[in-house]
Amino acid sequence: MNLSLYNTMSRTVEAFEPLERRHVRMYCCGPTVYNFAHIGNLKTYVFEDILRRTLEAAGYRVTHVMNVTDVGHLTDDGDEGEDKMVKSSKEKGLDVHEIARMYTDAFFHDTDALNILRPHVACRATEHIEDMIALIKRLEAKGHTYVAGGNVYFSIDTFPDYGKLAKLNLEELKSGARIDVDENKRNPKDFALWFTKSKFENQVMVWDSPWGVGYPGWHIECSAMSMKYLGESFDIHCGGIDHIPVHHTNEIAQSEAATGKPWVKYWVHGEFLINETGKISKSKGEFLTLSVLQEKGFDPMDFRFFCLGGHYRSQLVFSWESMDAARNGRRNLVRQVRALKEQAAASSVLCAEAQSYVDEFSGHLGNDLNAPRGLATLWSLLKDNSIKPGDKLGALYRMDGILGLGLDSPEQEKEEETAIPHQILALVEERLKAKREKNYHRADELRAIVEKAGYKLTDTPGTTQVSKTL
Ligand code: AMP
Ligand code: ZN
């Protein structure tokens, strides 16, 4: 399979050629574990999974590394705002370590449900503080840092390439800079590598360092951990587009200033999932998580299917109607696959016609991960009556190696029978509302109705799971 990828650095689609023959080293910015992942975050992890599966289908060995940010970082990328972990711990009345553990588990629970392959290394920031300190020391020794107000800052004026990824115009930025920025900074775009308690009192997560007791900045985490596991230069760095102007820009500055080498060969960014109010975020409007979709009767795979319907570099607009359409589309696919399974076993060697559909599919995915066109090829294959069921199934399974819809799993077959009818879901929703309004009498009545109809309710904090009584 030929593979080309859009590289944010060059703003062009480039032929993919890893630094090391047949081996791809790939780093993906992971979650900050102070809350559940929202479905926008999950869209990004789905696209990164499609990238990894495409690389593997193209015959590469992939080493996939992802960080888990369990050290607090601030609500604003530019060193402003509150500490997200501390804020969440106060709100939930839990210790920051418990918060981190709980949301790390929840994150992997969601990504497993979406059939996203786990990274080979998922590294926690709290377990790599020494690596971050070593990197800051390296930068300090080369004159890229300064200490002000107790914090260590990276001086962007010492790195002439600063802003090359985002094509930032530094002069414009300087003149337009906000006045309320951290007054310790010599340049408003300088960023903290290490905070000490002199700036943030009562931090729980703090470590000893040559600059005093404190904690690392967010950006240094990704530079230190990616280089530890992937080397000083590696192939692919991924994330959502919001990371281009600050987080990835700062990661490049730190890494290349420390090593003096080019750091990442291909920068691959996914566009946002949005809704009618704009960007989906943790603070804006309804907080849409995978569990919310499940409560509304969707299977996690419906969401995966929904994501595959858009190109990763296009904005995807979320609505309940489009989720309904995705569910119908996926069910139709599962139904057709089941009918094929009843007719034949999947062929291991494909006839030339079936193989040509697989090749066409691979061509689309290899061309900057064009999953929507890949899906179109899949539907054409299904419609082609000249291809025998065994060959069709064999070809579908090969395609699904990249799409990751789990078409060969027996669970898919049960799924339609276990789908919860809309009327039941509406009752569950009404019961949740009654509980929120402390109308427990009504909530109990609704529970009784749902149970009588043959469904079981399990209450978990803040939500309710509904399943068919066996
Ligand atoms: P965060 O936990 O905020 O660092 O985000 C985790 C990943 O999700 C990052 O790669 C972000 O760029 C990405 N992301 C955040 N919001 C969205 C969104 N609405 N749509 C798609 N990706 C997003
Ligand atoms: Zn990162």
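Residues numbered from 1 in each chain as written. Chains lettered and ligands numbered in written order. Predicted model: local features only at pLDDT ≥ 70, side-chain atom pairs only at ≥ 80, totals over all residues. Heavy atoms only, no water.

Participant: It is not clear to me how the sheet that holds strand E14 (residues 316-317) should be interpreted in this structure. Could you clarify?
Facilitator: By definition, the strands of a sheet pair up through backbone hydrogen bonds, in either a parallel or an antiparallel sense. With mixed pairing, the 3 strands of this open sheet are ordered in space as E13-E12-E14. The open sheet has two edge strands with one neighbour each: strand E13 (278-279) and E14. Alignment of strand E12 (residues 273-275) against E13, held across 2 bridges, turns out to be antiparallel. The residue bridging Asn-275 from the neighbouring strand is Gly-278, located in E13. (Pairing = 2+ DSSP bridges. Helix = DSSP H or I, 4+ residues; strand = E, 2+ residues; numbered from the N terminus.)

Participant: Looking at this structure, I do not really get the coordination of the zinc ion (ligand 2). What am I missing?
Facilitator: Note on metal geometry: ideal angles are 109.5 degrees for four donors arranged tetrahedrally and 90 or 180 degrees for six donors arranged octahedrally. The zinc ion (ligand 2) binds to the protein through Cys-29 (SG), Cys-222 (SG), His-247 (NE2) and Glu-251 (OE), with metal-donor distances spanning 2.0 to 2.5 Å. Classification of the site at the zinc ion (ligand 2) rests on its 4 donor atoms, whose angles at the metal span 68 to 132°, yielding the label irregular. Summarised as a motif, the one-chain spacing of the donors to the zinc ion (ligand 2) is C-x192-C-x24-H-x3-E. One end of the pair, Cys-29, is in the loop between strand E3 (23-28) and helix H1 (39-57); the other, Glu-251, is in helix H7 (residues 244-259), with 222 residues separating them in the sequence. Of the two residues, Cys-29 and Glu-251, both sit in the buried class. (Donors = N, O, S within 2.8 Å, 3.2 Å for Na, K, Ca; no water. Tetrahedral: all angles 85-135°; square planar, octahedral: opposite > 155°, others 65-115°. Buried < 20%, exposed > 50% of the residue type's maximum accessible area, 1.4 Å probe, protein only.)

Participant: Teacher, can you tell me more about the packing of H1 against helix H13 (residues 389-403) here?
Facilitator: As a packed pair, H1 and H13 sit with axes 7 Å apart at the nearest point and diverge in direction by 130°. What the angle tells us is that H1 and H13 run oblique. In this structure, H1 uses Ile-50, Arg-53, Thr-54 and Ala-57 to contact H13, whose residues at the interface are Asp-400, Gly-401, Ile-402 and Leu-403. When its residues are assigned to classes, the contact of H1 with H13 shows 4 nonpolar, 2 polar and 2 charged. (Axes fitted to C-alpha atoms, helices over the stretch in contact; angles between N-to-C directions. Parallel < 35°, antiparallel > 145°, perpendicular 65-115°, else oblique. Contact = heavy atoms within 4.5 Å. Nonpolar A, V, L, I, M, F, W, Y, C, P; charged D, E, K, R; others polar.)

Participant: What exactly am I supposed to notice about the domain arrangement of the chain here?
Facilitator: What the domain assignment reports for the chain is domain 1 (18-270), domain 2 (275-417) and domain 3 (422-468). The partner domain 2 presents 28 residues to the 26 residues of domain 1 that form the contact. With both chains or domains summed, domain 1 and domain 2 bury close to 2,300 Å², and 70% of this area falls on carbon and sulfur atoms. Counting across the domain 1 and domain 2 interface gives 1 salt bridge. We note a salt bridge from Asp-49 to Arg-304, for which the minimum N-O separation is 2.8 Å. There are 6 residue pairs in polar contact (both at pLDDT 80 or more) connecting domain 1 and domain 2. Of all the elements in the fold, those that place two or more residues in the side of domain 1 that touches domain 2 are H1, helix H3 (96-113) and strand E11 (264-270). In terms of residues, the side of domain 1 that touches domain 2 owes the most to one element, H1, which gives 13 residues. (Domains from an automatic or database assignment. Buried area = accessible area lost by both parts, 1.4 Å probe. Salt bridge = Lys/Arg side-chain N within 4 Å of Asp/Glu carboxyl O. Polar contact = N/O pair within 3.5 Å; in protein donor to acceptor, adjacent residues only side chain to side chain.)

Participant: Explain the site of ligand 1 to me, please; I cannot follow it from the model alone.
Facilitator: Taken together, 16 residues sit near ligand 1, with Gly-40, Thr-44, Gly-240, Asp-242 and Leu-273 positioned nearest. Between a nitrogen atom of ligand 1 and a main-chain N or O atom of Gly-40, the distance comes to 3.0 Å. Between ligand 1 and the protein, one listed contact pairs a nitrogen atom with a backbone N or O atom of Leu-273 at 2.9 Å. Considering ligand 1 on its own, with 490 Å² of exposed area, one finds that the protein chains cover 94% of that surface. Within the residue set of the shell around ligand 1, elements represented by two or more residues are H1 and strand E10 (234-240). Tallying contributions element by element places H1 first for the shell around ligand 1, with 4 residues. Its residues placed into classes, the shell around ligand 1 shows 5 nonpolar, 8 polar and 3 charged. (Near = heavy atom within 4 Å. Areas by Shrake-Rupley, 256 points an atom, 1.4 Å probe, with all protein chains shown as cover.)

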